[in-house]
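Here are the chains, one letter per residue:
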Amino acid sequence: MRVLVTGWFSFDEVIATVGDELGADVVVGWLTELGIDHDVAWAPYLGRGPHWRDVDASGYTHLVFVSGPLMDMPLLRELTAAFAHAQRWAVNVSIVPDDARPLFHQVWERDAPGLSRPDLAIGTTTPDVPVVAVAFAPAQEEYGPRSQADQVRATIEGWLKTRGMPWFELDMDLFDKPYERFPSQVEALIRRADVVVSMRLHALVLGLAHDVPVIACDAIAGGAKVSAQAAALGWPVVLRAGEIDPTTLDAALEHALSGTLTGELAEARRRGAEGNARAREWFVEQLGDARPER
């Protein structure tokens, strides 16, 4: 017995959903537990494994199609015709019209007229991965040719893509058409991240303020305000222009998430509070000097 697991993720002609893959993961887990030989067929654009059009169909006894709408259409007809000799099952599918049932020997519907069952994705067991908040910076014309912002951004984006980590961009601007943005919105996002990757001074500061480790990336050759702020707060995870690459980012991520920086996070907040107190004292002094004599 040998099973080929397929779904809408097996076709270049359509874009499948994350739920389709999670349903397939559950079925693959069942097959693995049962000790049944199996493969998963992937669309070439995903680049994760064999494509069903390229495998030797005669080597499989069963074809299992997992998740999504089931309907009589050319793509499913082509797939099932290629495995006409095999047992063909559809699992975790939505029956919209009822015209595709004859293409399969067995069908387990998640929903159909008068029927509803839990989707297989509810049983997912994918491992947890860190969520990364990323603050990019523009070229910042005041630094002239010292700015390497475009190169640094491209390196970070490429690193995030190859590592497959979930990430979101922290936009620090006060206005994003057609809405204004408030600091509370940005801070709430930072609190929900596991780590901040920041080319910007204030994303560095806010990450530390909310006890979130930061990978500070100074995109200015020779260092500028990001490095200076990290030094002021005693924060050690700093990468400078010219040394930012996937290897150094990997090492910085491991360090940031190691759990060994609790003291440094507390020290950054202590230094911040002390610095604010000194700034307030200076400000009050200036106000005193500026008061008109009576």
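Residues numbered from 1 in each chain as written. Predicted model: local features only at pLDDT ≥ 70, side-chain atom pairs only at ≥ 80, totals over all residues. Heavy atoms only, no water.

- An unreviewed UniProt entry lists the chain under the name Polysaccharide pyruvyl transferase family protein, with Modestobacter versicolor given as the organism.

### With respect to the overall build of the chain
- Within the chain, the secondary structure is distributed over eight helices and 13 strands.
- Counting only contacts in the chain whose residues sit at least 6 apart along the sequence, the fraction spanning at least 24 positions is 65%.
- For the chain, the exposed surface amounts to about 16300 Å²; the carbon and sulfur share of it is 55%.
- Measuring between centres, the 26 positive side-chain charges of the chain sit 5 Å from its 42 negative side-chain charges. (Helix = DSSP H or I, 4+ residues; strand = E, 2+ residues; numbered from the N terminus. Contact = heavy atoms within 4.5 Å. Areas by Shrake-Rupley, 256 points an atom, 1.4 Å probe, with all protein chains shown as cover. Lys, Arg positive; Asp, Glu negative; His and termini not counted. Charge placed at Lys NZ, Arg CZ, Asp CG, Glu CD.)

### Focus: the sheet that holds strand S8 (residues 167-169)
- Strand order in this open sheet of five strands is S8-S7-S11-S12-S13, and the pairing throughout is parallel. Each of the sheet's edge strands pairs with one partner strand only, and the pair in question is S8 and strand S13 (238-240). Put simply, the sheet's adjacent strands are angled 20° from each other on average, direction ignored.
- Relative to strand S12 (residues 214-218), strand S11 (residues 195-198) is paired through three bridges, and the arrangement is parallel. Opposite Ser198, over in S12, you have Ala216 as the bridge partner.
- Across the sheet, helix H3 (residues 149-163) lies against strand S7 (132-135), S8, S11 and S12, angled at about 165° from S7, the strand it touches most.
- Packed on one face of the sheet, helix H7 (residues 246-256) meets S11, S12 and S13 and runs near 145° to S12. (Pairing = 2+ DSSP bridges. Axes fitted to C-alpha atoms, helices over the stretch in contact; angles between N-to-C directions.)

### Let's talk about the nonpolar core
- Within the largest apolar cluster, 44 residues are counted, with the highest numbers of intra-cluster contacts made by Ile156, Met199, Ile215, Cys217 and Trp235.
- Per-element accounting of this core gives the leading share, five residues, to H3.
- When neighbours within four sequence positions are excluded, Ile215 is seen to be in contact with Val195, Val196, Val197, Ser198, Val237, Leu239, Leu249, Ala252, Leu253 and Ala256.
- One finds Ala41, Val55, Leu63 and Ala112 within the second-largest nonpolar core, a separate group that totals 23 residues. (Core = buried A, V, L, I, M, F, W, Y, C linked by side-chain atoms within 4.5 Å. Buried < 20%, exposed > 50% of the residue type's maximum accessible area, 1.4 Å probe, protein only.)

### Side note on helix H1 (residues 18-34)
- The terminal C-alpha atoms of H1, which comprises 17 residues, lie 25 Å apart, in line with the 24 Å expected from a rise of 1.5 Å per residue.
- Among all positions in H1, only Asp20, Leu22, Gly23, Ala24, Val26, Val27, Val28 and Leu31 are buried.
- Those residues of H1 that are buried are in contact with strand S1 (2-6), strand S2 (37-40), strand S3 (62-70) and strand S4 (87-95).
- Where H1 terminates, the next one or two residues include Gly35, which has phi positive at roughly 70°. (Expected span 1.5 Å × (residues − 1).)

### Some thoughts on the pairing of S2
- The pairing of S1 with S2 spans four bridges and is parallel. Bridge pairing in S2 links Leu4 to Asp39.
- Handedness of the S1-H1-S2 crossover: right-handed. (Right-handed = clockwise from strand over helix to strand, strands pointing away.)

### Some details on the sheet that holds S2
- Strand order in the open sheet formed by six strands is S2-S1-S3-S4-S5-S6, with mixed pairing between adjacent strands. Only two strands of the sheet have a single neighbouring strand rather than two, namely S2 and strand S6 (115-116).
- Sheet analysis places S3 next to S4, joined by eight bridges and oriented parallel. Residue pairing across strands places His62 opposite Gln87, the latter belonging to S4.
- Each of S1, S2, S3 and S4 touches H1; the most contacted strand, S3, lies at about 150° to it.
- Sheet strands in contact with helix H2 (residues 74-82) are S1, S3 and S4, and its direction is about 170° off that of S3.

### Concerning the pattern of salt bridges
- One pass over the structure, following the stated rule, counts 21 salt bridges.
- A salt bridge links Arg270 to Glu267; its shortest N-O distance comes to 2.8 Å. Taken as a pair, Arg270 and Glu267 lie in helix H8 (residues 262-290) at a separation of three residues, close to a single helical turn.
- Judged by its relative accessible area of 40%, Arg270 is partly exposed.
- Owing to a relative accessible area of 25%, Glu267 belongs among the partly exposed residues under this scheme.
- A salt bridge links Glu274 to Arg278, with the nearest nitrogen and oxygen atoms 2.9 Å apart. Within this pair, Glu274 and its partner Arg278 are both found in helix H8, separated by four residues, close to a single helical turn. (Salt bridge = Lys/Arg side-chain N within 4 Å of Asp/Glu carboxyl O.)

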